[in-house]
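Given next are the chains, with one letter for each unit.
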Amino acid sequence: IERYAENKFGARSENAADNAFASQTFKSAINDSWARVQEQPGQLNFSPKSNLVRIAENAGPEKLGHEAIHSTVASRLKAGYDQVGVLVEGGKNNQAWDAYRALRLESEARAIKGEGDILAETGKRPTAESIGAVEALVPSLKVADGRTYEQVWRADFEKAVASKGGFVPEVEFGNQASYDRNSAKSRTT
């Protein structure tokens, strides 16, 4: 990911005006991530199982930073997903759902917060939101297919329970919504 970022947004790239490396959040996210990157039209997601970021060619550094943050958070959350499986095996599905939801919320909120920080640090947004403000909004933000994050997480959780499979998500849901920070209304991007 670091090599991709340097080629795409570094000083010698055609996108150097994005000033991505002026953002400490961007540099930290890129340096901390060991994910591979693959450009795919219309894609924006991170797959924890394959450690792969899929990103559209025209995506900006804030989107790459968002997915890089997912990749750094994923390894730290793995033990939590394992615990969700233990709770399900013990018949504690309500507790398991609460734990699963908290893990997914943490991952998405940190990624969206990082994206906002990158925009603020590169002068593309006047301020960045607090993590609390982001956490309050994430569950109701809509993803590209019109569902909310909460609905996506619930469907992923139910699928994992039914399959008796692992609880690490296949994909940290990409093509996510953004929101108008002034009105806090969600919109799909």
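As a reminder, the structure under discussion sits directly above these lines.
Residues numbered from 1 in each chain as written. Predicted model: local features only at pLDDT ≥ 70, side-chain atom pairs only at ≥ 80, totals over all residues. Heavy atoms only, no water.

Comments concerning the overall build of the chain
Argument step 1. What the chain contains, in helices and strands, is six helices and five strands.
Argument step 2. In the chain, buried positions account for 46% of the 189 residues.
Argument step 3. Accessible area of the chain: about 9,500 Å², with a carbon and sulfur share of 48%. (Helix = DSSP H or I, 4+ residues; strand = E, 2+ residues; numbered from the N terminus. Buried < 20%, exposed > 50% of the residue type's maximum accessible area, 1.4 Å probe, protein only. Areas by Shrake-Rupley, 256 points an atom, 1.4 Å probe, with all protein chains shown as cover.)

Let's talk about the sheet that holds strand S1 (residues 36–39)
Argument step 1. The strand order across the open sheet built from three strands is S1-S3-S2, with neighbouring strands paired in mixed fashion. Edge positions in the sheet fall to S1 and strand S2 (44–47), since each has one partner strand and no second. Taking each pair of neighbouring strands and ignoring which way they run, the sheet shows an average axis angle of 15°.
Argument step 2. Bridging between S2 and strand S3 (residues 52–55) involves four bridges; their strand directions are antiparallel. Paired with Leu44 across the strands is Ile55, a residue of S3.
Argument step 3. Its contacts with the sheet put helix H3 (residues 61–89) on S1, S2 and S3, and the angle it makes with S2 is roughly 15°. (Pairing = 2+ DSSP bridges. Axes fitted to C-alpha atoms, helices over the stretch in contact; angles between N-to-C directions. Contact = heavy atoms within 4.5 Å.)

Side note on H3
Argument step 1. Look at H3: 41 Å from first C-alpha to last across 29 residues, which is about the 42 Å you get at 1.5 Å a residue.
Argument step 2. For H3, the principal kink sits at Arg76 and spans about 45°.
Argument step 3. Once H3 finishes, Gly91 follows within two positions and takes phi at roughly 75°, a positive value. (Expected span 1.5 Å × (residues − 1). Bend = angle between axes of the 7 residues up to and from the residue.)

Quick word on the pattern of salt bridges
Charged atoms that come close allow side chains of opposite charge to pair.
Argument step 1. Counted under the stated rule, the structure contains 11 salt bridges.
Argument step 2. The shortest N-O distance in the salt bridge between Arg110 and Glu106 comes to 3.1 Å. On the criterion of helical spacing, the pair formed by Arg110 and Glu106 is a turn pair, its members being four residues apart in helix H4 (residues 93–121).
Argument step 3. In this structure Glu106 comes out as partly exposed when scored by relative accessible area, which is 22%.
Argument step 4. Its salt-bridge partner being Glu158, residue Arg154 comes within 3.0 Å of it at the nearest N-O pair. On the criterion of helical spacing, the pair formed by Arg154 and Glu158 is a turn pair, its members being four residues apart in helix H6 (residues 149–163).
Argument step 5. Note on Arg154: relative accessible area 34%, which makes it partly exposed.
Argument step 6. One network of salt bridges, in which partners are shared, links Arg76, Glu106 and Arg110. (Salt bridge = Lys/Arg side-chain N within 4 Å of Asp/Glu carboxyl O.)

Re the nonpolar core
Argument step 1. Within the largest apolar cluster, 44 residues are counted, with the highest numbers of intra-cluster contacts made by Phe26, Leu64, Tyr100, Val138, Phe157 and Phe167.
Argument step 2. Mapped onto this core, the elements with two or more residues apiece are helix H1 (2–9), helix H2 (24–32), S2, S3, H3, H4 and H6.
Argument step 3. Considering every element that reaches this core, the biggest residue donor is H3, with 10 residues.
Argument step 4. Setting aside anything within four residues of it in sequence, one finds Leu64 in contact with Ile1, Tyr4, Ala5, Phe9, Phe26, Ile30, Val37, Val53 and Ile55. (Core = buried A, V, L, I, M, F, W, Y, C linked by side-chain atoms within 4.5 Å.)

Thoughts on the packing of H4 against H6
Argument step 1. Where H4 contacts H6, the two axes come as close as 10 Å, and the packing angle between them is 130°. Relative to H6, the element H4 lies oblique. Note on packing geometry: the crossing formed by H4 with H6 is right-handed. Here Asn93, Ala96, Trp97, Tyr100, Arg101, Arg104, Leu105 and Glu108 of H4 come into contact with H6, specifically with Tyr149, Glu150, Trp153, Arg154, Asp156, Phe157 and Val161.
Argument step 2. Across the contact of H4 with H6, the residue classes tally to eight nonpolar, one polar and six charged. (Parallel < 35°, antiparallel > 145°, perpendicular 65-115°, else oblique. Left-handed = near helix turned anticlockwise from the far one by under 90°. Nonpolar A, V, L, I, M, F, W, Y, C, P; charged D, E, K, R; others polar.)

Thoughts on unusual backbone geometry
Argument step 1. In this structure, Asn51 is a non-glycine residue whose phi angle is positive, near 50°.
Argument step 2. With respect to the helices, strands and loops of the structure, Asn51 is situated in the loop between S2 and S3.

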